[in-house]
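Architecture at a glance
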Amino acid sequence: MSPAARRTAVRRALPTPLARLRNLVTFDITRLYETLAADHGDRPLLVPPTPLEYPGYDTAELTGRQLRDVGHRIANALRAAGVTTNTRVVIVKRDHPDYLLYLYSAIAAGAVPVSVSPGTGWAYATAVAERAGARFLISDAATLGAPGGAEHVGRMLDEGTTVLAVGTPSGADGDAWWAGREGVVDFVDAVTAAPTTAPPRRRIGKDTPLALFHTSGTTGSPKLCIWSRRNTYRIWKPMMPVLPVGSGSRAMLGVPFSHQIAFALGTAVLLCGARMSTASLYDPRAALRRIEEERISCVMAFPHLYMRMAGEDLDAYDLSSMKVWAVGADKAHAPHIAALTRHGSLRLPGRPRGSVFLDSYGSTEIGAGGIMQVWLPGDVPEPCVQGKPMPTQFGVRIVDERWQPVPDGAPGRILVRSTSHFDGYWDDHTRWAESRIDGWWWGGDVGRIDGKGRLVFLDREADSVRTGAGVLYGLPVEERLLTHPRVLEAAVFSAATDPRTGVGRAEAWVAPKGVLTRADLAALDESDRLVLEKELLALAGDTGERPGLAAVRVVALEQIPVGVTGKVLKRRLRELTATGDELTSTEKGNSTDD
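To keep things clear, this report deals only with the structure shown in the data block. (Residues numbered from 1 in each chain as written. Predicted model: local features only at pLDDT ≥ 70, side-chain atom pairs only at ≥ 80, totals over all residues. Heavy atoms only, no water.)

Brief notes about the sheet that holds strand β8 (residues 209-214)
- In space, the seven strands of this open sheet follow the order β7-β6-β5-β3-β4-β8-β9, with mixed pairing throughout. Two strands lie at the open edges of the sheet, namely β7 (184-186) and β9 (224-228), each paired on one side alone. Taken over all neighbouring pairs, the strand axes of this sheet differ in orientation by 20° on average, direction set aside.
- One ladder, built from two bridges, connects strand β4 (residues 112-116) with β8; its direction is parallel. Opposite S115, over in β8, you have F213 as the bridge partner.
- Contacting β3 (88-92), β4, β5 (136-140), β8 and β9, helix α5 (residues 122-132) runs over the sheet at an angle of about 160° to β4. (Pairing = 2+ DSSP bridges. Helix = DSSP H or I, 4+ residues; strand = E, 2+ residues; numbered from the N terminus. Axes fitted to C-alpha atoms, helices over the stretch in contact; angles between N-to-C directions. Contact = heavy atoms within 4.5 Å.)

What follows is the structure, encoded as structure tokens:
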């Protein structure tokens, strides 16, 4: 297909008319609720997985007017509790789309919300609150009752923090450790009693901090990113023209709602008037059933969910409503993309019926959507390819360790320049300065530019394997391993690393399809496992990567540690192989690395 024909096919697959998009220059985020009510009225916009705790809004669907009213109540309750201009409010609660409501309402009330995942654990979350200078905490019963809650949140209360507690534990609320504590506000009662009128209008400058989001922390050092009004709008600018949803269409988000990408995507979907459902990263069958039952046409998720979907029998589900799959964080794997695009309702000239996959490069620091590869039905996705940058929004350079340009096609550090760049790391000017190179930003990734001018992602520099024969980048090897019909997930990392030299041995942990738990692994025939490991080791040798793998180990999926965004924590794998320990699923779910 010629480039012109391909562009035409992409436009047909993504028919979002620019004329129906709101002018983001005049759009006011502090008046988002009014915009949703005025534009979409009684049309259902949000389908929460469980109802909100607030009486009158605990319905299966929430309309534009309902979102406005409950959002105003939350904003007014925050103001009544003492929140004022630039007050930092930390949000740490169960993963739920109401994160968006607390973010919007805090902004409308004049505050700077600080979004933190409960999966980081209370020790980290309270450290973030202290670092941000937060004096208010929004949390729910399940999270407050989690391990460490009484100790760490109790200390926050002793130091004068106000805790806005949403809901009570199942059973008797008198058993909750926070019941009756000074400084704890029953936020359900406070919101229910608050008026539905709009809070006083906030005049927010372009450079004013709008919200703080913590990074995924895959390499062990999560950071707080500052997003201003200006740069938040600039995220939406490249995103909105390609967002494949419109008024009345049905979309599903499969991302943690504490993450910055959920704020960016969720807001854009609501503004477009689509009906938004949600999915857990760890429940692919529920997500596939929801697509089938609700006739969803667009899914936006992290690669972990797509990986787990690809491990299911996709032919057992009716996915004929699907048009677009999109990802905006970690690199999606080519075999998983190919499995998904075979299903869908799009009929493009000269193409089999199927769906489109939008694979974009992004991060909490730079947003997503400005560097994108579009895979059409019938394409054979190329491993590691991230696509070309949008010329007016993003730029990409590949440099060496001295920040000098590398020869064409050679691997090196990925530098990115973006109009939607974040404004810095909160209370960490040193790290901010070290990540900025003459106006470009380096996030720790390694890649190259191929002969078509596309960015090819290779690895995180900290995760690449230094061996006696040279450096091995993990993603090309993982992609090769995933071509085996039995493989669901693969992680290449440095095992038995010498702490003095940094030299290690390249090893892969591979989870076969259907082997999700240790019980599944125990049921696997030992001779079959050994044969599979031998096949995979030979397969990895065909990648052209030198040096190659030293070993392959077949494991259960739950043994591969991931953070709350689903990214494999290779730092933990290095630690596990160094100590001989194994990570349990409970430890994995409460990782402090993400």
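So, helix α7 (residues 149-158)
- G149, H152, V153, G154, M156 and L157 are the residues of α7 that are buried.
- Tucked inside the fold, the buried residues of α7 contact α5, β5, α6 (141-144), β6 (162-166) and β7.
- One or two residues past the end of α7 sits G160, with phi positive at roughly 105°. (Buried < 20%, exposed > 50% of the residue type's maximum accessible area, 1.4 Å probe, protein only.)

A closer look at the environment of P244
- Considering the arrangement of structural elements, one finds P244 in the loop between α9 (229-239) and β10 (250-254).
- In the structure, P244 is positioned 28 residues away from C272 in sequence and 9.6 Å away in space, judged by C-alpha atoms.

Some words on the environment of G504
- Inspection of the secondary structure assignment puts G504 in the loop between β24 (487-495) and β25 (505-512).
- Not counting chain neighbours up to four residues away, the residues in contact with G504 comprise R466, T467, S494, A495, A496 and T497.

Section: the pairing of strand β13 (residues 324-327)
- On β13, burial covers both faces: V324 and A326 on one face and W325 and V327 on the other are all buried.
- Sheet topology note: the strand β12 (residues 298-301)/β13 ladder contains three bridges and is parallel. Directly across from V299, in β13, lies its bridge partner W325.
- Between the parallel elements β12 and β13, the chain passes through helix α12 (residues 303-310) in a crossover that is right-handed.
- Here β13 runs beside strand β14 (residues 356-363); their pairing, made up of four bridges, is parallel. Bridged to V324 within β14 is V356. (Right-handed = clockwise from strand over helix to strand, strands pointing away.)

Remarks on the sheet that holds β25
- With mixed pairing, three strands are arranged side by side in an open sheet as β24-β25-β26. Unpaired on one side and paired on the other, β24 and β26 (551-554) mark the two borders of the sheet. For this sheet, the mean angle separating the axes of adjacent strands, direction not counted, is 25°.
- Bridge count between β25 and β26: four bridges; the pairing is parallel. Looking at the pairing, V510 lines up with V554 of β26.
- Against the sheet, helix α15 (residues 474-482) touches β24 and β25, its axis set at about 150° to β24.

With respect to the nonpolar core
- Residues Y54, F187, L243, I291 and M309 are the most contacted members of the largest nonpolar core, which totals 125 residues.
- Here this core takes 10 residues from helix α10 (residues 260-272), the largest share from any one element.
- Excluding its chain neighbours within four sequence positions, the residues that come into contact with I291 are M252, I296, V299, M309, L319, S321, M322 and W325.
- Core analysis: the second largest hydrophobic core is formed by 26 residues, A125, V128, L144 and M156 among them. (Core = buried A, V, L, I, M, F, W, Y, C linked by side-chain atoms within 4.5 Å.)

Focus on unusual backbone geometry
- Notably, N86 is not glycine yet its phi reads approximately 65°, a positive angle.
- Following the sequence through the fold, N86 ends up in the loop between α3 (64-81) and β3.

Side note on the pattern of salt bridges
- A complete count under the given rule lists 34 salt bridges for this structure.
- Note that D158 is salt-bridged to R181, the shortest N-O span being 3.3 Å. One end of the pair, D158, is in helix α7; the other, R181, is in the loop between β6 and β7, with 23 residues separating them in the sequence.
- A relative accessible area of 63% places D158 in the exposed class.
- Owing to a relative accessible area of 29%, R181 belongs among the partly exposed residues under this scheme.
- In this structure, E507 and R505 form a salt bridge, with 2.7 Å as the shortest nitrogen-oxygen distance.
- Linked through salt bridges whose partners overlap, the residues forming this network are E61, R275, R290 and E294. (Salt bridge = Lys/Arg side-chain N within 4 Å of Asp/Glu carboxyl O.)

Here's the deal with helix α4 (residues 98-108)
- For α4, a buried count of 11 out of 11 residues is recorded, marking the element as mostly surrounded by other parts of the structure.
- Looking only at α4, the buried set comprises D98, Y99, L100, L101, Y102, L103, Y104, S105, A106, I107 and A108.
- After α4 finishes, the residue G110 shows a positive phi value of roughly 100°.

Description of the packing of helix α2 (residues 32-40) against α10
- Contact pair α2 / α10: the axes reach a minimum separation of 9 Å and the direction vectors enclose 35°. Contact with α2, carried on its side by L32, T35, L36 and H40, involves T267, L270, L271 and C272 of α10 and no other residues of that element.
- Looking at the contact of α2 with α10, its residues break down into five nonpolar, three polar and no charged. (Nonpolar A, V, L, I, M, F, W, Y, C, P; charged D, E, K, R; others polar.)

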